[in-house]
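# Reading the structure
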Amino acid sequence: QYLLKVCCFSRQPCQYNILTRNNHGAFLIPYILFLIIAGMPLFYMELALGQYNREGAATVWKICPVFKGVGYAVILIALYVGFYYNVIIAWSLYYLFSSFTFELPWTNCHNSWNSPNCTDPKLFNASVLGNGTKYSKYKLTPAAEFYERGVLHLHESRGIHDLGLPRWQLSLCLLVVVIILFFSLWKGVKTSGKVVWITATLPYVVLFVLLIHGITLPGAYNGINAYLHIDFRRLKEATVWIDAATQIFYSLGAGFGVLIAFASYNKFDNNCYRDALLTSTINCVTSFISGFAIFSILGYMAHEHKVKIEDVATEGAGLVFILYPEAISTLSGSTFWAVVFFIMLLTLGIDSSMGGMEAVITGLADDFHLLKQHRKLFTFGVSFGTFLLALFCITNGGIYVLTLLDTFAAGTSILFAVLMEAIGVSWFYGVDRFSEDIQQMMGFKPGLYWRLCWKFVSPAFLLFVVIVSIINFKPLTYDDYTFPLWANRIGWGIALSSMILVPAYIIYKFMNVRGTFKERLAYCITPENEHQLVAQGNVRQFKVCAPFTFFS
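Residues numbered from 1 in each chain as written. Predicted model: local features only at pLDDT ≥ 70, side-chain atom pairs only at ≥ 80, totals over all residues. Heavy atoms only, no water.

Where an unreviewed UniProt entry is consulted, the chain appears under the name Solute carrier family 6 member 2, with the organism given as Cyanistes caeruleus. Per UniProt, the comment on the chain under Subcellular location (unreviewed entry) is "Cell membrane". (UniProt positions renumbered as here; feature names shortened; annotations may be inferred.)

Attention now moves to the overall build of the chain. Each helix and strand counted, the chain has 24 helices and two strands in total. Out of the 552 residues belonging to the chain, those deemed buried represent 60%. Within the chain, contacts between residues separated by at least 24 positions form 82% of all contacts whose residues are at least 6 apart in sequence. When the accessible surface of the chain is totalled, it reaches about 23200 Å², and 67% of it is carbon and sulfur. (Helix = DSSP H or I, 4+ residues; strand = E, 2+ residues; numbered from the N terminus. Buried < 20%, exposed > 50% of the residue type's maximum accessible area, 1.4 Å probe, protein only. Contact = heavy atoms within 4.5 Å. Areas by Shrake-Rupley, 256 points an atom, 1.4 Å probe, with all protein chains shown as cover.)

Across all of its chains, the model carries 45 aromatic pairs by this definition. A centroid spacing of 5.0 Å and a plane angle of 70° characterise the contact between Phe-182 and Phe-183, whose relative ring orientation is edge-to-face. Note on Phe-183: relative accessible area 47%, which makes it partly exposed. Summarising the aromatic geometry, the rings of Phe-473 and Trp-492 are spaced 5.1 Å apart at their centres and angled 70° between planes, so their arrangement reads as edge-to-face. Highlighted residues: Phe-473 in the loop between α20 (448-471) and β1 (477-478) and Trp-492 in helix α21 (residues 485-499), separated in sequence by 19 residues. For Phe-473, a relative accessible area of 29% puts it in the partly exposed group. Accessibility expressed as a relative area gives 24% for Trp-492, which makes it partly exposed. Three or more aromatic residues joined by ring pairs form one cluster here, namely Trp-91, Tyr-94, Tyr-95, Trp-106, Trp-113, Phe-146, Tyr-147, Phe-321, Tyr-324, Phe-341 and Phe-342. Across the ring face of Trp-427, the terminal group of Lys-455 is positioned such that the distance to the ring centre comes to 4.6 Å. The side chain of Arg-520 reaches across the aromatic face of Phe-510, ending 5.7 Å from its centre. (Phe/Tyr/Trp six-rings, centres within 6.5 Å; stacked < 30°, edge-to-face > 60°. Lys NZ or Arg CZ within 6 Å of the ring centre and 35° of its normal.)

This model, assessed by the stated rule, comprises one disulfide. Put simply, Cys-109 and Cys-118 are joined by a disulfide, and their sulfur atoms are 2.1 Å apart. Residues Cys-109 and Cys-118 share a disulfide whose torsion about the S-S bond is about -65°; that sign makes it left-handed. Looking at Cys-118, the relative accessible area reads 13%, which means it is buried. Cysteine Cys-64 is unpaired, with the sulfur of Cys-524 as its nearest cysteine sulfur at 8.5 Å. A relative accessible area of 0% places Cys-64 in the buried class. The buried category is assigned to Cys-524, whose relative accessible area is 2%. (Disulfide = S-S within 2.5 Å.)

Our focus in this paragraph is the UniProt feature "binding site: Na(+) 2" (unreviewed entry) in the chain. Annotation from UniProt places "binding site: Na(+) 2" (unreviewed entry) at Ser-352. Looking at Ser-352, the relative accessible area reads 3%, which means it is buried.

The next point concerns the nonpolar core. Trp-91, Tyr-147, Ile-160, Phe-321, Phe-341, Ile-399 and Phe-434 are the most contacted members of the largest nonpolar core, which has 169 residues in total. Here this core takes 20 residues from helix α4 (residues 68-98), the largest share from any one element. Those residues in contact with Tyr-147, other than ones at most four positions away along the chain, are Trp-91, Tyr-95, Leu-152, Ala-317, Phe-321, Ile-322, Ile-399 and Tyr-478. (Core = buried A, V, L, I, M, F, W, Y, C linked by side-chain atoms within 4.5 Å.)

Our next topic: the packing of helix α3 (residues 28-53) against helix α19 (residues 412-442). Here α3 crosses α19 at 65°, and the two axes come no closer than 10 Å. The interaxial crossing formed by α3 with α19 has left-handed handedness. Two secondary-structure elements touch here, α3 through Leu-42, Tyr-44, Met-45, Glu-46, Ala-48, Leu-49, Gln-51 and Tyr-52 and α19 through Val-418, Glu-421, Ala-422, Val-425, Phe-434, Asp-437, Ile-438, Gln-440, Met-441 and Met-442. Taken together, the residues that form the contact of α3 with α19 break down as 13 nonpolar, two polar and three charged. (Axes fitted to C-alpha atoms, helices over the stretch in contact; angles between N-to-C directions. Left-handed = near helix turned anticlockwise from the far one by under 90°. Nonpolar A, V, L, I, M, F, W, Y, C, P; charged D, E, K, R; others polar.)

Compared with the 45 Å implied by 1.5 Å per residue over 31 residues, the 34 Å span of α19 between its first and last C-alpha is markedly short. If you look at α19, its biggest bend is around 95°, right at Gly-430. Of all 31 residues in α19, 23 are buried; the element is thus mostly enclosed. Where α19 ends, the next residue or the one after it, Gly-443, has phi of about 85°, a positive value. (Expected span 1.5 Å × (residues − 1). Bend = angle between axes of the 7 residues up to and from the residue.)

Further remarks concern the side chain of Ser-329. With respect to the element layout, Ser-329 can be found in helix α14 (residues 317-329). Relative accessible area serves as the criterion here: at 18%, Ser-329 is assigned to the buried category.

Time to look at the environment of Phe-341. Looking at the secondary structure, you find Phe-341 in helix α15 (residues 334-367). The buried category is assigned to Phe-341, whose relative accessible area is 5%. Measuring from C-alpha to C-alpha, the distance between Phe-341 and Leu-210 comes to 8.0 Å, with 131 residues separating the pair along the chain.

Once that is clear, we can look at helix α6 (residues 168-185). For an α-helix the count is 3.6 residues per turn, leaving residues at separations of three or four pointing the same way. Relative to the 26 Å expected for 18 residues at 1.5 Å per residue, α6 spans 26 Å between its end C-alpha atoms, a close match to the ideal helical length. Here α6 has its buried residues at Leu-170, Ser-171, Cys-173, Leu-174, Val-177, Val-178, Leu-181, Phe-182, Ser-184 and Leu-185.

Under the defined criterion, the tally for this structure stands at eight salt bridges. Here Asp-367 and Lys-68 are joined by a salt bridge, their closest N and O atoms 2.8 Å apart. Placement of Asp-367 in helix α15 and of Lys-68 in helix α4 is noted, with a sequence separation of 299 residues between them. For the pair Asp-367 and Lys-68, a shared accessibility class is recorded, and that class is buried. The salt bridge involving Glu-156 is made with Arg-167; its shortest N-O contact spans 3.7 Å. (Salt bridge = Lys/Arg side-chain N within 4 Å of Asp/Glu carboxyl O.)

This part is about the confidence of the model for the chain. Mean pLDDT over the chain stands at 85; residues scoring 70 or higher make up 87%. Below pLDDT 50 for its whole length, residues 1-5 participates in 22 contacts with residues either more than four positions away or in separate chains. (pLDDT = per-residue confidence, 0-100.)

Take unusual backbone geometry next. Located in the positive-phi region is His-153, a residue other than glycine, with phi close to 60°. Turning to its location among the elements, His-153 is positioned in the loop between α5 (142-151) and α6. Accessibility expressed as a relative area gives 15% for His-153, which makes it buried. Non-glycine residue Asp-479 carries a positive phi angle of around 55°. Within the secondary structure layout, Asp-479 lies in the loop between β1 and β2 (481-482). Classification of Asp-479 by relative accessible area gives partly exposed; the value is 37%.

Below is the structure:
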């Protein structure tokens with residue numbers, strides 16, 4: 001159950017968005033490199049950290065109390081993500097309900113939500129686009145109008161300043177999603193562990209079915225060829241490396257406190273090294289195989305509309321809720337394929353959302369015993385709270401709120417939090433001590449490769465990504481809509497609200513311990529179970545090791 005839950009969280013229903021933007025095989029080279037030097041080491045570190053200390057994301061920092069703010073930061077980030085992530089699942093549920101018809105509602109222009117300019121895809125040709133517009137950006141197809149006008153009602157909003165009221169249909173779908181999550185989590189791992197037996201395995205079955213069917217479609221070969229073609233000249237582009245770093249980081253799910261929370265329920269002698277290698281490999285192999293399913297459909301769409309692969313390739317909701325449904329609508333037995341596809345999205349989304357909420361609940365319940373004693377009530381409070389705040393994302397202009405949260409809530413902030421986590425474990429708690437902990441659990445120490453990655457390579461990698469994400473920031477947009485300056489400021493405020501918890505707690509902790517400056521510092525960086533040694537002046541962190549002992 002534990003391995004299934006970790007795999008569940010690591011797989012995201014929209015984790016292939018960057019892959020479709022970089023529709024070339026050269027992307028796989030930095031992707032695999034970053035998996036080896038950063039993804040797997042950080043994944044392994046979090047599993048070992050949670051399993052040894054048997055605590056959530058906040059209380060696990062009893063190993064170095066001054067870094068407890070990192071735990072609160074990742075819990076807050078996971079909570080932010082829950083506000084809008086459940087909305088995406090609600091969209092999937094809405095699409096699933098809409099699929100139970102003989103004719104899918106996004107196949108023609110004869111519906112109440114369609115505009116007069118809606119273009120029947122059967123009459124579509126490349127000349128309709130004009131002015132170099134990509135097909136993926138053409139918003140007058142039945143599938144695009146169903147999503148933006150039938151589901152979101154985006155045409156009734158003038159921008160983020162004009163949200164309107166929540167749509168009652170989406171509100172009901174969101175309520176169903178939250179109820180499912182609550183009953184999956186209210187008894188902790190006893191219930192969530194049983195749920196994942198279905199939600200973890202079903203997407204693999206569906207993915208296999210979609211893959212087999214996708215590669216038989218006309219034009220699929222061209223799509224797969226574009227996916228695997230390696231253009232080494234693209235490796236000179238900085239964006240390819242940045243996107244690969246971002247993709248591997250988010251697809252593995254390190255830093256959200258989820259891996260620590262799940263691992264805290266393990267047996268003390270569980271082989272988390274094997275788990276780290278196995279689950280991260282399964283995740284990335286799944287991503288690779290899913291690329292074939294996606295690009296076979298992209299090739300098919302390009303063939304149908306006589307355009308280039310790059311003209312149909314898109315990312316984000318456009319891939320999941322416009323392009324793929326449109327492709328499905330052209331297949332024989334389209335209703336069946338639509339139901340299967342959205343069941344897969346629904347189960348993937350619930351899996352990931354369960355992981356995020358578990359991180360919040362376990363992280364705070366382990367820190368505040370009152371919450372642990374009333375876990376069911378606390379779980380209800382978290383679920384109901386996310387439901388209320390998610391209502392902002394299902395208004396007419398809700399997509400603007402969701403885009404804002406998706407960009408800022410777990411962007412630079414989560415990268416910063418994991419950077420501080422890596423520094424706290426490797427440089428303050430110490431790689432040697434951490435290696436000794438792992439030896440106590442499994443009977444062997446991590447090899448030199450892992451220790452080098454934890455201490456040098458992974459922190460450097462994270463620092464690079466954090467700096468680049470800040471430097472490359474551009475004012476937020478959604479299609480042709482540019483967010484006002486005040487919205488960008490609110491976004492950065494949301495990002496800083498979690499990041500500020502790290503230095504804030506460092507100051508709080510330092511000011512609330514007694515003693516001289518050196519004693520205060522010692523109490524802050526010494527594990528709580530060794531605080532008695534501080535009074536004796538025996539502080540391990542103050543001792544400088546002989547050169548090169550790290551490599552022994």
